[in-house]
Amino acid sequence: MSDLSNRKLSLTTRVAQALHFLDADTGAVIPPIQPTSTYARDADYAPRQSYIYRRDSNQTTELAERIIAELEGAESALLFASGMSAATAVIDQLPAGAHVVVPDVMYHGVLQQFQMYAARNRLDVSTYAAGNLDDMAAALRKGETALVWVETPNNPDWTVTDIRAAADITHAAGARLLTDCTGTPPCATKALEHGADISFHSATKYLNGHSDVTAGVLSSNDTGPLWEAIYERRKLQGTVLHSFDAWLLIRGMRTLFLRVEKATQNALAIARHFEGHKGLEAVLYPGLPSHPGHAIAKKQTGGLYGGMMSIIVAGTEQTAIDVTRHAKVFYPATSLGGVESLIEHRKTVSGEGFPVHPRLLRLSIGIEDADDLIYDLEQALAHAQG
Ligand SMILES: *Cc1c(COP(=O)(O)O)cnc(C)c1O
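Residues numbered from 1 in each chain as written. Predicted model: local features only at pLDDT ≥ 70, side-chain atom pairs only at ≥ 80, totals over all residues. Heavy atoms only, no water.

> Outline the packing of aromatic side chains, supporting the account with residue identities and numerical values.
Going through the model one piece at a time under the given rule, you end up with four aromatic pairs. For the pair F114 and W149, a centre-to-centre distance of 5.4 Å together with 80 degrees between the ring planes defines the contact as edge-to-face. Residue F114 is located in helix α4 (residues 108-119), and its partner W149 is located in strand β4 (residues 145-151); the two are separated by 35 residues in the primary sequence. A relative accessible area of 0% places F114 in the buried class. Relative to F200, the ring of W149 has its centre 6.0 Å away and its plane inclined at 50 degrees; by these criteria the two rings are tilted. You can see W149 sitting in strand β4 and its partner F200 sitting in strand β6 (residues 198-202), a full 51 residues away along the chain. Of the two residues examined, W149 and F200, each falls in the buried class. The aromatic ring of Y45 is capped on one face by R41, whose charged end is 4.7 Å from the ring centroid. (Phe/Tyr/Trp six-rings, centres within 6.5 Å; stacked < 30°, edge-to-face > 60°. Helix = DSSP H or I, 4+ residues; strand = E, 2+ residues; numbered from the N terminus. Buried < 20%, exposed > 50% of the residue type's maximum accessible area, 1.4 Å probe, protein only. Lys NZ or Arg CZ within 6 Å of the ring centre and 35° of its normal.)

> Before we move on, could you go through the sheet that holds strand β10 (residues 342-345) and cite the residues and values that matter?
Read from one edge to the other, the open sheet built from four strands follows the order β8-β9-β11-β10, with strand pairing classed as antiparallel. Of all the strands in the sheet, just β8 (280-284) and β10 have a single pairing partner and so form its edges. Within the sheet, the average angular offset between the axes of one strand and its neighbour, ignoring direction, is 20 degrees. In the sheet, β10 pairs with strand β11 (residues 360-364) via four bridges, with the strands oriented antiparallel. For I343, the partnering residue across the bridge sits in β11 and is L363. (Pairing = 2+ DSSP bridges. Axes fitted to C-alpha atoms, helices over the stretch in contact; angles between N-to-C directions.)

> Quick one: what's the story with the site of the ligand, residue by residue and with numbers?
If you check the shell around the ligand, you find 14 residues, and the closest are M84, D180, S202, T204 and K205. Between G83 and the ligand, the recorded distance is 2.9 Å, taken from a backbone N or O atom to an oxygen atom. A distance of 2.7 Å is found between an oxygen atom of the ligand and a side-chain nitrogen or oxygen belonging to K205. Here the ligand has 380 Å² of accessible area as a free molecule, and 92% of this is covered by the chains. (Near = heavy atom within 4 Å. Polar contact = N/O pair within 3.5 Å; in protein donor to acceptor, adjacent residues only side chain to side chain. Areas by Shrake-Rupley, 256 points an atom, 1.4 Å probe, with all protein chains shown as cover.)

> Hey, could you go over the domain arrangement of the chain for me, with residue numbers and the actual values?
Segmentation of the chain into domains returns domain 1 (11-253) and domain 2 (257-385). For domain 1 and domain 2, the distance between their C-alpha centres works out to 26 Å. The interface is formed by 39 residues belonging to domain 1 together with 34 residues belonging to domain 2. Each partner contributes to the roughly 2,800 Å² buried at the junction of domain 1 and domain 2, and carbon and sulfur atoms together form 63% of this total. At the junction of domain 1 with domain 2, the criterion picks out one salt bridge. Measuring nitrogen to oxygen at the nearest pair gives 3.2 Å for the salt bridge that ties D162 to K299. On inspection of domain 1 and its partner domain 2, the count reaches 15 residue pairs in polar contact (both at pLDDT 80 or more). At the level of secondary structure, the elements contributing two or more residues to the side of domain 1 that touches domain 2 comprise α1 (11-16), α4, α6 (163-172) and α8 (243-253). Per element, the largest residue contribution to the side of domain 1 that touches domain 2 is three residues, and it comes from α1. (Domains from an automatic or database assignment. Contact = heavy atoms within 4.5 Å. Buried area = accessible area lost by both parts, 1.4 Å probe. Salt bridge = Lys/Arg side-chain N within 4 Å of Asp/Glu carboxyl O.)

> Mind laying out the nonpolar core, listing which residues take part and the relevant values?
Counting 49 residues, the largest nonpolar core has L71, L207, L249 and M253 as the members making the most contacts within it. For this core, the secondary-structure elements that each account for two or more residues are α1, α2 (59-72), β1 (76-80), α5 (133-139), β4, α6, α8 and α9 (256-274). Ranked by the residues each element gives to this core, the list is headed by α2, at six residues. A domain-level breakdown of this core finds at least three residues from each of domain 1 (11-253) and domain 2 (257-385). Non-local contacts of M253, meaning those with residues more than four positions away in its chain, are made with V15, A64, I67, I68, L71, L207 and R259. Membership of the second largest hydrophobic core comes to 30 residues, among which are A98, L111, L218 and L360. (Core = buried A, V, L, I, M, F, W, Y, C linked by side-chain atoms within 4.5 Å.)

> Summarise the environment of Y231; cite the residues concerned and give the values.
One can find Y231 in helix α7 (residues 225-237). Given the relative accessible area of 22%, Y231 is considered partly exposed. For the pair Y231 and A267, spaced 36 residues apart in sequence, the C-alpha to C-alpha distance is 37 Å. When residues no more than four places from it in sequence are discounted, the contact partners of Y231 are D56 and L78.

Shown next, in the form of structure tokens:
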């Protein structure tokens, strides 16, 4: 029974063990951090392995990439110093004047980046109503559009997009589909299996999970010229993930499955408790059967809806801001996907000009005790609403 040669170990096992890392010399079960910036060549002046200089890549970052590639079912994964530098590498390799189709509501930093490229006539950017496939299809120009960007579930109202349907529409027009599923990491949503060409994640969020790293990752099964161009961007713009951060990321990913399961359980408990609450106008969470994207979310996450939700507070914009001020367990901070719960007034954070409901609070539900989180939101609402 000890012969594992015919057994395909589950992803949970492989990720918990960092692909069964074992240092052959010492027996260490934890990988070392390789901080070197340069690598000495051998007696024939040839590189000893594939490494020459840290800006190209390094062993610690490559191990983290192999783990993510396993999670995504990808041929290759490339890690960057932040989600934004990973997103920018894709945007920046597009030829001058290329046509792209992006959602009108999405993570504000990526939208801002597209707007900046458009303002300089570097890209031709069309938008579609987030989650609306007919609108997406209408924005596509057959044989001309290079890239379609989908964020699902999308910030900050957690609209759900059917990735398979989006891929069919995109491919029929000869374009490539990139998905940002940062809200449901690849233990829940395997975007490439649903038809995406490139899967993007801010690894700052669930993949690392401990609010102590910024990182971004791209995964793909198409490692042709586009992938080479993206790798070249990373190398020449110097945006590879640092080995120290890669090491923390490897440690964080060992508990990815546990964290996302617990965050989902907590979020479901909180969403069910507050749905219909007199202090709220709405609870936006794809895990609720009343959410318009529930069926697709269920299909795309296998029920691991994650910990991201938003609430629309009854009262005024100031009432909503006051709820964050009265929270004692939730931290009033931006970001998401960490073990600690966060609450934020999204309009304050994303800034003027970004379409977001003025009374929307975005919640990132962590792995604390669900009853403590419910208690905290109840008391914060009571204080803010008098
Ligand atoms: C955080 C985030 C990003 C940007 O990633 P950084 O790691 O902050 O640079 C992009 N998309 C989504 C959905 C995010 O939540």
